[in-house]
Structures are given as structure tokens and as C-alpha cells.
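So the chains spell out like this:
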Amino acid sequence: MTESETTSSKPGFDQLGLADTLLRAVRDQRYATPTPIQEKAIPPALAGRDVFGCAQTGTGKTAAFVLPILQQLDADGPCNGKRRIRALVLTPTRELAAQISESAATYGAHLPLTHTVIYGGVNQNKQVNAIRRGIDVLVACPGRLLDLMNQGIVDLRGIEYFVLDEADRMLDMGFIHDVRRIIAKLPKQRQTLFFSATVPNAIRELADSLLTDPVTVRVTPAATTAETVDQALYMVGRKRKLDLLRHLLKDHTMQRTLVFTRTKHGADRVAKRLIKDKVPAAAIHGNKSQNARTRALEAFKRGDARVLVASDIAARGIDIDSISHVINYELPHEPETYVHRIGRTGRAGNSGRAISFCDLEEQPRLRSIEKLIRTAIPEIKDHPYAGSHIGEEPRPGRQPRPPRDRTQSSQGQRRRRRR
Ligand code: AMP
């Protein structure tokens, strides 16, 4: 689809009420159109409404809350010329905190606002110095934030905008008490934007206690997989995945193959090993500069790189029609992400194949995916590394899981996909 076709059928960023400075930043990112969560959340957030956003990572939700907050902060101007923390984004993991902070830098590139990010596991001095210099936006994980609040370094009395990101994950990770302690210190008069991928009762109650007359914005996860995508599953040991990938890549019909890893480092590692084997490959992930990402994508589009290895976070920007194969080198935590990943192939009427590798520890994720797509992914048992997952050592720091034989699972209850 050409860009003009895309923009004529969907509203553009310029119809959301965003200021020129932010539109410029969005244009710098070459986003063609807003994602559904952006389209639905940005206008009410700009109007000062509380928002209850039901959306997972990968939907573009970060821009949906960062853009309206930056715009409002800029319009308000600094308070008496002195900077104090006016916006707080609470998020459960270091990785998410770092990504949100990068997004604040990206989208705020043309604004005179400052931000910093704080999380545990690293020395606090740099973080403390940044806060003392004065910032407008603080992105934080709950533990370190409480720590700095208790030391009297962070003062939240000036907060006007509060984002609670991935609330359900906060709950799962046991941070909810810390979160409540932090919220107790926020001014009552503020705008709150609340995001959660799922809405169990505890999250619904938390949202009700935090939000005033919110606008609810839901992005329905894609629960069906494209009919044109042929899916296959390989059970394989974690340590044999690279060998299996090399083996599969001997098939030259795998012309334009997108490989998904869960982490940035994983993406780099796989691409490097393939290049060493003389398979033309490139990696794309959030740590790469925009130029490096663009170069990798162009090489993939031209066919110079037969394989593109991507982390989920980078994959949203990948909009290429003729991907022949998607390989899930690692299964995603969120089952909806599987659907998004494999939707990269089988586009525009072309057929595509989605291959998933699953090791012993990933089996619960496989079950969640199969539940979501209401299909048992057909397993290919005839491959050189079959059985390598059985009796596999767990990753360091994990409890071993009892091995489970798929063939004894509730296959009878599963509706097999009609082929
Ligand atoms: P998020 O769900 O906020 O973690 O965003 C996931 C990815 O989508 C990030 O890499 C963003 O750069 C990218 N992204 C955000 N908005 C858009 C958009 N409108 N078009 C294309 N990519 C986007």
C-alpha cells in the first residue's frame, strides 16, 4: 500500500490536535498514521481527561501518553521559572522505563523540556544529580522511586500528570503496595492516564480509585491469525535453536525471513552468528539509532539481507509486504504479540509461513498462544534437533519445570485449524 492510500483512509497525526513541535517529532520518526490507541487516546488526553487505556506493548501506547503530556507541559510553561517534577510515569521494568525515557527524548526533541529515568540495580548518584538539576518529567520504577522519596530527594507534590503504565504487570510482579504508597503522595488534583493490557478485578478496582470520569480506550487484540499464514511449531532445546535456524535457512525458498527474538541482545547475537555463517542478515532493535534501523530495513527490502532479526519493540515500524517467513526464535510473553508477529507475513494476498521455536520453559507461553488463536499449531517432529528440549537445564535463576509431553495434553479439546 502506498503512503497516500494509507493516509487517505485513516486520520493523520495532524487531525489529533497536536502542536507543530510534536508533529515535527512524529514526522522525524516517519510514522505514516497514528495507531488505534493513539487515535483514540490523544484527543481526550489533550483535553485534560483521565484515560483508562486497555492496550499492550507494541500498540504505540507510549506515544499515546507521552505526546499529550509533553504538549500540556509545554503549554503550561515552567512554574515561576523553576523546574519541578510535573509529570510522573510509573512503569514496572527497567527496560520499559528506559524505552519510555527514550520516547520522551524522541517526541520532545523540539521542546525545551527535560526528563530523567530512575530504576534500581544501578548506582543512584547520576539519577540524583539529574533530579537536583531540575526536570519536568520523571520516568520511574516503583522501588527506586520510593527509595529516593524516602531519602527526601524526590518530591511529588508538584505532579500534575501521572501515568501508570502496565498496571497488570505491576500487580503480577508484586509492586502494587509500592505503587499505592507512591500514589498516596500525589496531589489529588491531577490528570491520570492508566494503562493495562488486561483488566482483572484488582486492576478495575485500582483504576476506579485513581481515575475521575475517565475515557476508556480499548484496543482489541487481534485474536485471529491470517488465513494466508501457514503455521508450524518446532519443539527444540534452547541451546539448539541457532542450529535449527541455520538448518532451516538452507531452504532457499526462505527468501525474506523475519526472525523475532525477545530481547535486543538476542537479536544482535543471532544476526552476528548468521553473518559469521555467511547468511546475509541484519538486526533491528530499540538500541540502534534511527539511521542504523533505516539502513537495516533498506537492506532487507532490497534483498541484500535475506534475514532480518528484530525485537518486538522495533518490529512495529516494519511495514514490508513480501516477507516470506516469520520465525519466532523465542515465543513472546504476550500471546497477542504472536498474532502481531506472524501478521507480518502472508500480506497483500501473498502466502506466508510462520515457524515457532519452543523450548521447555516456553511451553506455558505456547499454551497461552494456542488458547488465544484457538488452534493447536501443527508440530514438525522430523528435524535434526527433535527431542533436544527434553530434560533441558532451566535458565539460571529459574525453577525447573516438569517436562510435559504435548501429545498428552488436552489435544482432544483443542479445535484444530481447518487447513
Ligand atoms: P509502544 O507500544 O509504545 O511500546 O510502541 C512500539 C513501537 O511502535 C515503538 O518502536 C514505536 O517507535 C513504534 N510506533 C509508535 N507509534 C507508531 C506509529 N504511529 N506508526 C509506526 N510505529 C509507531
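Residues numbered from 1 in each chain as written. Predicted model: local features only at pLDDT ≥ 70, side-chain atom pairs only at ≥ 80, totals over all residues. Heavy atoms only, no water.

A. Quick look at the overall build of the protein. The helix and strand tally for the protein stands at 16 helices and 13 strands. Within the span of the protein, comprising 419 residues, buried residues form 52% of the whole. Across the protein, every contact between residues at least 6 apart in sequence was considered, and the portion connecting residues at least 24 apart equals 78%. Within the structure as shown, the protein displays about 20200 Å² of accessible surface, and the carbon and sulfur contribution to it stands at 48%. (Helix = DSSP H or I, 4+ residues; strand = E, 2+ residues; numbered from the N terminus. Buried < 20%, exposed > 50% of the residue type's maximum accessible area, 1.4 Å probe, protein only. Contact = heavy atoms within 4.5 Å. Areas by Shrake-Rupley, 256 points an atom, 1.4 Å probe, with all protein chains shown as cover.)

B. Up close: the nonpolar core. In terms of nonpolar packing, the biggest core is built from 39 residues, with Leu-18, Phe-65, Leu-67, Leu-70 and Leu-193 touching the most fellow members. Elements represented by at least two residues in this core include exactly helix 2 (20-28), helix 3 (36-46), helix 4 (61-76), strand 2 (87-90), helix 5 (94-107), strand 4 (137-140), strand 5 (161-164) and strand 6 (191-196). It is helix 4 that contributes the most residues to this core, eight residues altogether. When residues no more than four places from it in sequence are discounted, the contact partners of Leu-70 are Leu-22, Ala-104, Tyr-107, Gly-108, Leu-111, Leu-113 and Val-137. Grouped together as the second largest cluster of nonpolar side chains are 33 residues, Ile-118, Leu-156, Ala-167 and Ile-182 included. (Core = buried A, V, L, I, M, F, W, Y, C linked by side-chain atoms within 4.5 Å.)

C. Inspection of empty space enclosed by the protein at higher detail. Going through the model one piece at a time under the given rule, you end up with two cavities of 30 Å³ or more. Counted as a void, the largest cavity has a volume near 60 Å³. Along its surface, the largest cavity is lined by Val-66, Ile-69, Leu-70, Ala-87, Val-89, Ile-100, Ala-104, Val-137 and Val-139. Looking at the lining of the largest cavity, the element that brings in the most residues is helix 4, giving three residues. Tallied by class, residues from the lining of the largest cavity come to nine nonpolar, no polar and no charged. (1 Å grid on protein atoms, 1.4 Å probe; cavity = no way out; pocket = protein on both sides within 12 Å on 5 of 7 lines; lining within 4 Å. Points joined across faces, edges and corners; volume = space filled by probe spheres on them. Nonpolar A, V, L, I, M, F, W, Y, C, P; charged D, E, K, R; others polar.)

D. Up close: the site of the ligand. What surrounds the ligand is a group of 14 residues, the closest being Tyr-31, Gln-38, Gly-58, Gly-60 and Thr-62. A distance of 2.6 Å is found between an oxygen atom of the ligand and a side-chain nitrogen or oxygen belonging to Tyr-31. Burial of the ligand by the protein chains amounts to 87% of its free accessible area of 500 Å². (Near = heavy atom within 4 Å. Polar contact = N/O pair within 3.5 Å; in protein donor to acceptor, adjacent residues only side chain to side chain.)

E. View of the packing of aromatic side chains. Applying the stated criterion to the full structure yields six aromatic pairs. Taking 6.3 Å as the distance between ring centres and 75° as the angle between the ring planes, the aromatic pair formed by Tyr-234 and Phe-357 counts as edge-to-face. Within this pair, whereas Tyr-234 is found in strand 8 (residues 229-235), its partner Phe-357 is found in strand 13 (residues 352-358), the two being separated by 123 residues in sequence. Looking at Tyr-234, the relative accessible area reads 8%, which means it is buried. (Phe/Tyr/Trp six-rings, centres within 6.5 Å; stacked < 30°, edge-to-face > 60°.)

F. Structural view of the sheet that holds strand 12 (residues 325-328). With respect to topology, six strands assemble into an open sheet ordered 8-13-12-9-11-10, the strand pairing being parallel. Strands at the two margins of the open sheet, each flanked by one partner only, are strand 8 and strand 10 (281-284). Sheet twist, expressed as the average angle between the axes of neighbouring strands with direction ignored, equals 20°. Looking at chain direction, strand 9 (residues 257-261) and strand 12 are connected through four bridges and run parallel. Its bridge partner lying in strand 12, Phe-260 is registered against Asn-328. Sheet contacts for helix 15 (residues 335-342): strand 8, strand 9, strand 12 and strand 13; angle to strand 12, the most-contacted strand, approximately 155°. (Pairing = 2+ DSSP bridges. Axes fitted to C-alpha atoms, helices over the stretch in contact; angles between N-to-C directions.)

G. Quick look at helix 9 (residues 176-184). All buried positions along helix 9 are accounted for by Ile-176, Asp-178, Val-179, Ile-182 and Ile-183. Seen along its axis, helix 9 keeps its buried residues to an arc of 155°; they face one direction. Exposed and oriented more than 90 degrees from the buried face of helix 9 are His-177 and Ala-184. Buried residues belonging to helix 9 abut strand 2, helix 7 (142-150), strand 5, helix 8 (167-172) and helix 10 (201-210). (Arc of directions from axis to C-beta.)

H. Expanded view of unusual backbone geometry. Although it is not a glycine, Arg-30 sits at a positive phi angle of roughly 60°. Note on placement: Arg-30 falls in the loop between helix 2 and helix 3. Positive phi is not limited to glycine here, since Lys-278 has a value of about 65°.

I. Summary view of the pairing of strand 13. Of all seven residues in strand 13, six are buried, a share of seventy percent or more. Bridge analysis of strand 8 against strand 13 gives seven bridges, and the strand direction is parallel. Along strand 13, the bridge assignment pairs Gln-231 with Ala-354. Where strand 12 and strand 13 come together, four bridges link them in parallel fashion. Within the sheet, the bridge partner assigned to Asn-328 lies in strand 13 and is Ser-356.

J. Highlighting helix 11 (residues 241-248). Regarding helix 11, the residues found buried are Lys-241, Leu-242, Leu-244, Leu-245 and Leu-248. End-on, the buried residues of helix 11 take up no more than an arc of 160°, which puts them together on one face.

K. View of the pairing of strand 9. Of all five residues that make up strand 9, five are buried, and the element is covered over most of its length. Residues of strand 9 alternate between two faces, with Thr-257, Val-259 and Thr-261 on one and Leu-258 and Phe-260 on the opposite face, all of them buried. Bridge count between strand 9 and strand 11 (residues 307-311): five bridges; the pairing is parallel. What sits directly across from Thr-261, in strand 11, is Ser-311.

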